[in-house]
Amino acid sequence: MFPAGRYSIKAQRCMRVLRTVQAEHALPQLYACRQNGSSAVTPRITSHYTICPRDKDSRWEGVEMERFADEADVVIVGGGPAGLSAAIRLKQLANEQEKELRVCLVEKASQIGAHTLSGACLEPSALSELFPDWKERGAPMNTPVTEDVFSILTKKHRIPVPMLPGLPMNNHGNYIVRLGHFVRWLGEQAEELGVEIYPGYAAAEVLFHEDGSVKGIATNDVGIAKDGSPKDVFERGMELHAKVTLFGEGCHGHLAKQLYKQFNLRENCEPQTYAIGLKELWVIDENKWRAGRIEHSVGWPLNRNTYGGSFLYHLNEGEPLVALGFVIGLDYTNPYLSPFREFQQWKHHPFISKTLEGGTRIAYGARALNEGGYQSLPKVTFPGGVLIGCSPGFMNVPKIKGTHTAMKSGMLAAEAIFPKVTAEDLASETIGLHVPEYEESLKKSWIWKELYAVRNIRPSFHNYFGLYGGMLYTGVFYWMCRGKEPWTLKHAGLDSDQLKPAKECTPIEYPKPDGKLSFDLLSSVALSGTNHEGDQPPHLTLKDDSVPVAHNLAIYDGPEQRFCPAGVYEYVPLETGEGMRLQINAQNCVHCKTCDIKDPSQNINWVVPEGSGGPAYNGM
């Protein structure tokens, strides 16, 4: 069990108030440090221990650093569709065979589903395998798709595109869902089966045995001040050890990044490529509401060489609710592009605005998506652990769906792991169990067939005609060949390498928000419920504090202040009045990971903040 807090609830409240008062009256940081032997003095930004080691900091001398350790059979990182499906399947197998199996799942959000964001149109194939009686169990799947609309938008008009049978965008038989609610329901099913779920505990570190195999994870330390020093209430995180650890952190997980390097998992695949998805929930005029209707579009306001598109889903949730969003590939080249402002501009198109006019926006959020598909899948097994879900990237990009493949990957992992962790005579070359059978079963599953069939659609957009060339390729080769063409196209490379210098690009002039259909960034972030403990080191860490001004601002005109969908990054004048500095507003972060992906200098490293911090999505 996780240890109870050291203090009473009343004492904890008092300390929180005291910390808030201290943070509000703290002086601004005036540290400076010299970078890479340079004589230039750079304002200190990063104070996180992953960059500024504690063993070299005198303020940490004498601080107790021993961690409490607990043992489980299986530890799962991440309470999303993949992690929960894996946990459920493990306990189903254990109950069927009457075997004891301790499964522990840690989730950084304050509650299951609070960090979950997706469109979402759910294909129920994996769910029906996991729970054939999901309807009787009350799964929150209230909106079967009744109508499918696809459009190419010009600035003022719409070109309808017929939804031919067999094309990946066809949604017959699918359901429009609020994925956060669906994930919360999965969590309830998991707990009923005996899975131990610990929300509010962020996995901060991968632990290793002496032979190099994964031993488990450590949760994050708490009670560290913004300047990196220990507070009086400092508490070390705890260790969770397991025979096998499943990593289902979602897109671009920070522990998965470490595992890629540790075990060279990306040796034989292409670099992953990503998109950013931005989403809002609106309550609209009931006369405009068409429950079950799905609308997708490509084109305006993006140019033909910027990959992206939109969705607008009409939900049946007891009120006239629509979920709408905009997805932009992070391989775009113009550093002046702002995904958030493109999204706001799109809502003014006549075909979209007619639905929203007179409505009320009630929620906002954003997250990154894997778009590499088949070509970018890494090796998913290694001694002591496996990768599941969006962590390795099983999203079907043309379908704009990854929940069903994420769930199935978790189930396959569970079925491969179970006989090994329950074997009486545990035979393993490493202390942490290696389960290559999981990868073998993946390659025999419908996940592999599905991703292979659509492997060329996303990279086909890298051509002179861009959007139109990609659509032509899809219409001819996919519709006729179903992915059986004897070639595999390549992606353009790392998204962080795609930006052109600012001097080679034209600044984009976006219209001002009108406060009715389009909105400013900070009022949008407020609707995400995002909150972090103010007095903690920023979890958006910089490997070198001098790089943002010297490289990103100088060459690309500071693209992080535009690609971030939450206003985390801004360039402000130095207190001396000479030059600029980067200011990181970490409390705004919605955990989308876009900065870690798109930063052209690859200087930003996203790590977990204190547990429970981040957005508080309600059914996003």
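The structure displayed is predicted, hence computed values, not measured ones.

**Quick look at the packing of aromatic side chains**
The final tally for this structure, using the stated rule, is 17 aromatic pairs. Ring centres 5.5 Å apart and planes at 90° place the aromatic pair Trp 134 and Tyr 175 in the edge-to-face group. Of this pair, Trp 134 sits in the loop between α3 (125-130) and β6 (143-144) while Tyr 175 sits in strand β9 (residues 175-176), and the two are 41 residues apart along the sequence. Residue Trp 134 is classed as buried on the basis of its relative accessible area, which comes to 7%. Centre to centre, the rings of Phe 208 and Phe 263 are 6.3 Å apart; their planes meet at 50°, and the pair counts as tilted. Placement of Phe 208 in strand β11 (residues 203-208) and of Phe 263 in helix α5 (residues 254-263) is noted, with a sequence separation of 55 residues between them. A connected cluster of aromatic rings, assembled from ring pairs, spans Phe 208, Phe 247, Phe 263 and Phe 382. Here Arg 304 stacks its cationic end above the ring of Tyr 464, 5.0 Å away from the centre of that ring.

**Quick word on the nonpolar core**
Grouped burial of nonpolar side chains is what soluble globular proteins tend to show. Counting 77 residues, the largest nonpolar core has Leu 246, Phe 247, Ile 417 and Tyr 438 as the members making the most contacts within it. In terms of residue count, the dominant contributor to this core is helix α8 (residues 403-421) (10 residues). Every residue in contact with Ile 417, bar those within four places of it in the chain, is listed here: Val 74, Leu 90, Val 244, Leu 246, Val 386 and Val 435. Of all hydrophobic cores here, the second largest spans 71 residues; its members include Val 149, Trp 289, Phe 311 and Tyr 332.

**Side note on the pattern of salt bridges**
Oppositely charged side chains may form a pair once their charged atoms are brought near each other. Under the criterion given, the structure shown has 27 salt bridges. Between Glu 295 and Arg 293 there is a salt bridge whose closest N-O contact spans 2.6 Å. Side by side, Glu 295 and Arg 293 carry an identical accessibility label, which is buried. Of the charged contacts, one joins Lys 399 and Glu 450 as a salt bridge, the two residues approaching to 3.5 Å between their closest N and O atoms.

**Observations concerning the side chain of Gln 375**
Mapped onto the fold, Gln 375 is located in the loop between β20 (360-370) and β21 (381-382). Side-chain polar atoms of Gln 375 contact the backbone oxygen of Arg 455, separated by 2.8 Å. Leave out the neighbours within four places in its chain, and Gln 375 touches Cys 269, Glu 270, Arg 455, Asn 456, Pro 459, Thr 488, Leu 489 and His 491.

**Some points on the packing of α8 against helix α9 (residues 436-443)**
Axis separation between α8 and α9 bottoms out at 9 Å; the angle between their running directions is 140°. In this view, α8 runs oblique relative to α9, as classed from their interaxial angle. Seen from above, α8 lies across α9 with right-handed handedness. Packed against α8, whose contacting residues are Ser 409, Leu 412, Ala 413, Ala 416 and Lys 420, the element α9 presents Pro 436, Glu 437, Tyr 438, Ser 441 and Leu 442 at the interface. Residue classes in the contact of α8 with α9 are distributed as six nonpolar, two polar and two charged.

**Remarks on unusual backbone geometry**
A cis geometry characterises the amide bond from Gly 119 onward to Ala 120, with omega recorded as -5°. One can find Ala 120 in the loop between β4 (103-107) and β5 (121-122). For the bond from Trp 300 to Pro 301, the omega torsion is 10°, close enough to zero to count as cis. Mapped onto the elements, Pro 301 comes out in the loop between β17 (293-299) and β18 (308-316). Even without a glycine there, the phi angle at Ile 400 is positive, about 55°.

What counts, and at which threshold
- Residues numbered from 1 in each chain as written.
- Predicted model: local features only at pLDDT ≥ 70, side-chain atom pairs only at ≥ 80, totals over all residues.
- Heavy atoms only, no water.
- Phe/Tyr/Trp six-rings, centres within 6.5 Å; stacked < 30°, edge-to-face > 60°.
- Helix = DSSP H or I, 4+ residues; strand = E, 2+ residues; numbered from the N terminus.
- Buried < 20%, exposed > 50% of the residue type's maximum accessible area, 1.4 Å probe, protein only.
- Lys NZ or Arg CZ within 6 Å of the ring centre and 35° of its normal.
- Core = buried A, V, L, I, M, F, W, Y, C linked by side-chain atoms within 4.5 Å.
- Contact = heavy atoms within 4.5 Å.
- Salt bridge = Lys/Arg side-chain N within 4 Å of Asp/Glu carboxyl O.
- Polar contact = N/O pair within 3.5 Å; in protein donor to acceptor, adjacent residues only side chain to side chain.
- Axes fitted to C-alpha atoms, helices over the stretch in contact; angles between N-to-C directions.
- Parallel < 35°, antiparallel > 145°, perpendicular 65-115°, else oblique.
- Left-handed = near helix turned anticlockwise from the far one by under 90°.
- Nonpolar A, V, L, I, M, F, W, Y, C, P; charged D, E, K, R; others polar.

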